[in-house]
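Commentary on secondary and tertiary structure
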Amino acid sequence: DRLRTTCTTCSCSLRTTRAMAADRPGPAPTARRLVAWVGSSGGGAATLGHAEPDVLRAALVRQLSRVGSGAALAAAAFIACAEPLDSAGPGSAAALWELGNGEALQCTLRGTLAEVNRRAHELDAAMAKRIRAGELAGIVSVSADSAHGGVNREVLAAAGETGIPVAGTGGTSLSIAAGELGCLLAGNSGGSVATTPQTKAIGVAAAFAGVWGECYSPSFSEGDGVAWHSVLDGCMPIFLAAACAATTAEKLQPVLRSKGLRPLAWHVSSLEVALRTQALPPAVGAIAAHQSSGLGELSVLGGAVVGALCQGSAFSALLFGRGYGWLAPRLLASCARHSVPATASSIAVTGGLGVLLGSAAHMAAPSIDLVTSAVRGLLTALLGGPCNRSTGDIAGGRSPPMWLSGAIAGVLINYGARVGWYHEVFLPLILLEMEQGSLSLVGTLDWLTLCIVGAGACASQLAFPRHLGGSSQTRSDGPLARRGLAFNLLYGDYIEACYPFLERDPYLNAAAYAASACSGALVACAGARSTAYLPAPLAVWLSDTPAKLAVAAGIAFGIPFAAGSLSNVLRWRRD
């Protein structure tokens, strides 16, 4: 029988199974209901995150707190086995997790499965007494052992006697609990295939809310407040790897053809196309969905499906991946409220919603690509060299000289990195240029005006320390300058190392801006494409104009090095 209950707090409706519960006394309503959690890592590997008990605990605590005036975990007995329990033996390595202070899990025993089971039987008896005493209002059962002699048999038997609801996953154990022990299975309790800790927790909370007649509003706060550009920041390694690998493949093809290795050259060409069109969108879609949904592996799978259908447009994957991340937990909660089994819910959210939004992204991708192509075209017109400037008109007006736009861009990047524009403006522009597997004009300026300029500033502090002798400031300057020089030249990173030197020396600071302007003007006239986050020799080799980029790097390094050295020498003479 199904009974629709209405929450008096917000008038939302919940549907729940109430069979067998009408004639059984349950625990008296309390302001904060207490729940026990029993189970194991499961018989197989059909679930995602099944061997991470603390992840499931955190998800349960979070969702249960949103049921009515708040429910809480009061006891736990979870067995994590190193092997699937379907094939594990008494000597298999296992661990027992119990609830410690508050709602935190503690591993209280590590040993063989037989040893852990003996301790679990003791917890089972103690927990059953608490149920019969009316202390607990529900049981979360996740792949529990409800068979005769099982380590969770007494708990589930007590739940059947008192009529408190049992919610969770694990088809075999729940069937025994309902059929032999008379347990009331609530909500969407059932099989565990393709479930995650987050989907389990939402299903459990919705199930208890329905039986208790409480309001439940799922918590999606993990994805709240995630800035859109943080998704791109997180995807930067794959953008960089795809662009570098595609550029390397492009450079290798003429060499292979000249050596008579045309079949190999053809395969390298195919790899280049795949890197430019196929590698990025699934990764961007997965990260966007994961960060904005908080559903763990489930959102990664769905976001990857969305990205794979975006026709090579990483920014389409970003937009629709975010949309998937917003819709997925709400669809999952709706499935839980309507008692859709957990496995079916996962299939609907991951496969159904992923394909549906992916189809929409497939249709929208050409339009979104027009926008991103226009931005790339504007950057090319401003910074891509004279051969890439067609009519000299930008947005209906006469464009500035190439050297001037490059100089302004170089100064802006150097200044913007100091005031917080890098992650919000410059890095997204770099990745937008890399969307099709190409290196970046803005990335070249990033490398020159931040990494190489910073390396020159640090080198000046090593060559001519600000204070002679063994002063404390000289000793502190040295390690920072060495680290900044090494990291900027070897890894294209840690631009902040030079900031203390720039702040205390106005001449060095002015030289940094001058170097940014000069090197920016030179590479803009050359149309050089490269990127930071690489060793300096590799960044030069990958460029389409390596000789001119090397000259620009020498200027970017030399001006702050000379200015910083001269400033420190003059300070010696004054002192």
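Residues numbered from 1 in each chain as written. Predicted model: local features only at pLDDT ≥ 70, side-chain atom pairs only at ≥ 80, totals over all residues. Heavy atoms only, no water.

1. Here we look at the sheet that holds strand β8 (residues 165–169)
- Spatially, 7 strands are ordered β6-β5-β4-β3-β7-β8-β9 in an open sheet, and the strand pairing comes out mixed. Each edge of the sheet is formed by a strand with only one pairing partner; in this case those strands are β6 (105–112) and β9 (184–185).
- Those strands touched by helix α1 (residues 53–64) are β3 (33–40), β4 (71–81), β5 (93–99), β6 and β7 (138–142), and its axis lies near 165° from that of β4.
- Helix-sheet contacts for helix α4 (residues 171–179) involve β7, β8 and β9, and the interaxial angle to β8 is about 160°. (Pairing = 2+ DSSP bridges. Helix = DSSP H or I, 4+ residues; strand = E, 2+ residues; numbered from the N terminus. Contact = heavy atoms within 4.5 Å. Axes fitted to C-alpha atoms, helices over the stretch in contact; angles between N-to-C directions.)

2. Observations concerning the nonpolar core
- Counting residues in hydrophobic clusters, the biggest one holds 114 residues, and the most contacted among them are W37, L60, F239, W447 and L448.
- If you tally residues by element for this core, the top one is helix α14 (residues 441–463), at 11 residues.
- Ignoring anything within four residues of it in the chain, the contact list for F239 reads L232, L280, V284, A314, L431, M434 and E435.
- Judged by nonpolar contacts, the second largest core, of 29 residues, contains I79, A120, V151 and A158. (Core = buried A, V, L, I, M, F, W, Y, C linked by side-chain atoms within 4.5 Å. Buried < 20%, exposed > 50% of the residue type's maximum accessible area, 1.4 Å probe, protein only.)

3. Describing the environment of L485
- Its location among the elements puts L485 in helix α15 (residues 472–490).
- Along the sequence, L485 and A455 sit 30 residues apart, while their C-alpha atoms lie 4.6 Å from each other.
- Sequence-distant contacts of L485, that is, excluding residues within four places in its chain, are made with A455, C458, A459, L462 and F557.

4. Some remarks on the confidence of the model for the protein chain
- Counting all residues, the mean pLDDT for the protein chain is 84, and 87% of those residues have values of 70 or more.
- Here residues 1–30 is modelled with pLDDT under 50, and outside its nearest four sequence neighbours on either side it reaches 61 contacts, counting other chains as well.
- Contacts for the low-pLDDT stretch residues 389–397, under 50 throughout, to residues beyond four places or in other chains number 15 contacts. (pLDDT = per-residue confidence, 0-100.)

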